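What follows is each chain in one-letter form.
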Amino acid sequence: MREGCTQVGMQSPGIFTDARLAMEVGYVLLDVVDGHTVTKAEVDDYLVIVDGNTRFHAWWSLRKDFERKDFERKGFEYKFTYIIYPNADSFKKAYNGINVYNTPTSTADFARDLLATSPNPVLISYRSKFDDGLYPKAAGYATIGREIGKKDLTELQKGNIPAIFNTHQNTEMYLKVYNAIKPLIGGSVKTFRGTEIWSWIANKINGADDKMSMANKLVTLFENYPAKQYENLKNAKAHGNQDKASVVKGLLDDEFNKLK
């Protein structure tokens, strides 16, 4: 984006509007210059970007990289359109619509935007796992036993709750297992941020006749995971013809099979 705009200029303008509308919807606003959280007392002094974030940050990074005289030679003009929305709801509808139909928007970013205006407990649990260091795909497996995709989030945006989001027993099982593992995550975030362990757990639960009983066995496994074997798990990597996921599966299977 930065290179393209530098070479040919900004071919389509960004869209800005009053920051107060975004605050009324529920978004937390950050000042792009110093990063502080914008307060209600000062929000009327701000605008927010409805569309054109990437182009803006490409422009802003150039401003910081070059001295002003160099920027005028190497940078590009940031163009924007100011739109007046009649109220916060109309802004919310427009902004959410952009995210729904903007295919490149990542699931993580889309979830962040939806979370700001959605009280859905599954989505809140999903996002909280990002803070623990999990990647989005892994967070989905750790929350509901599969990846949470943009299709799920789009349904939530439309007011429809995906069936798996509405199954309390399923989310309760995965939460129990997650809480048992969480102390281990703090000791080695990189061990748990990918899908290797979480997809193994999901396969165990999803393939069991008595899923709650399986979840309880997994809780026992991780609450009592031997220190030496945990070191092996942390150091797992691809070996020979086995990829990392296969090596992790073998280590977990070995410990699981010791359970009575």
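Not measured: the values here are computed from a predicted model. (Residues numbered from 1 in each chain as written. Predicted model: local features only at pLDDT ≥ 70, side-chain atom pairs only at ≥ 80, totals over all residues. Heavy atoms only, no water.)

Caption draft 1: A look at the overall build of the protein chain. Counting its secondary structure elements, the protein chain contains 15 helices and three strands. For the protein chain, the accessible area works out to roughly 14,700 Å², and carbon and sulfur atoms hold 50% of it. (Helix = DSSP H or I, 4+ residues; strand = E, 2+ residues; numbered from the N terminus. Areas by Shrake-Rupley, 256 points an atom, 1.4 Å probe, with all protein chains shown as cover.)

Caption draft 2: Spatial organisation of the nonpolar core. One finds Trp198, Ile201, Ile205, Leu218 and Phe222 to be the most contacted residues of the largest nonpolar core, which totals 45 residues. For this core, the secondary-structure elements that each account for two or more residues are α7 (121-131), α8 (136-144), α9 (150-157), α10 (168-187), α12 (196-206), α13 (211-223), α14 (227-234) and α15 (244-256). Examining the composition of this core, we find that eight residues originate from one element, α10, more than from any other. Residues contacting isoleucine 201, with those up to four places away along its chain left out, are Tyr174, Val177, Ile181, Leu218 and Phe222. Counting 15 residues, the second largest nonpolar core, distinct from the first, contains Ala22, Val43, Val48 and Ala88. (Core = buried A, V, L, I, M, F, W, Y, C linked by side-chain atoms within 4.5 Å. Buried < 20%, exposed > 50% of the residue type's maximum accessible area, 1.4 Å probe, protein only. Contact = heavy atoms within 4.5 Å.)

Caption draft 3: Molecular detail of α12. Taken together, the buried positions of α12 are Ile197, Trp198, Ser199, Trp200, Ile201, Ala202 and Ile205. Tucked inside the fold, the buried residues of α12 contact α8, α10, α11 (189-192), α13, α14 and α15.

Caption draft 4: Examining the side chain of aspartate 253 more closely. Secondary-structure assignment places aspartate 253 in helix α15. With residues up to four places along the chain from it excluded, the contact list for aspartate 253 reads Trp200 and Lys204.

Caption draft 5: Representation of the pattern of salt bridges in the model. In the structure shown here, the tally under the stated rule is seven salt bridges. Between aspartate 152 and arginine 146 there is a salt bridge, and its shortest N-O distance comes to 2.9 Å. One network of salt bridges, with partners in common, ties together Lys204, Lys249 and Asp253. (Salt bridge = Lys/Arg side-chain N within 4 Å of Asp/Glu carboxyl O.)

Caption draft 6: Representation of the environment of threonine 39 in the model. Within the secondary structure, threonine 39 is located in the loop between α2 (19-25) and β2 (47-51). According to the relative accessible area criterion, threonine 39 is partly exposed, its value standing at 41%.

Caption draft 7: Quick look at the packing of aromatic side chains. Inspection of every chain in the model, using the stated rule, returns nine aromatic pairs. Taking 6.0 Å as the distance between ring centres and 80° as the angle between the ring planes, the aromatic pair formed by tryptophan 200 and phenylalanine 256 counts as edge-to-face. You can see tryptophan 200 sitting in helix α12 and its partner phenylalanine 256 sitting in helix α15, a full 56 residues away along the chain. What makes tryptophan 200 buried here is its relative accessible area of 4%. Judged by its relative accessible area of 9%, phenylalanine 256 falls in the buried class. Here the basic side chain of lysine 129 rests over the ring of tyrosine 178, its NZ or CZ set 4.6 Å away from the ring centre. (Phe/Tyr/Trp six-rings, centres within 6.5 Å; stacked < 30°, edge-to-face > 60°. Lys NZ or Arg CZ within 6 Å of the ring centre and 35° of its normal.)

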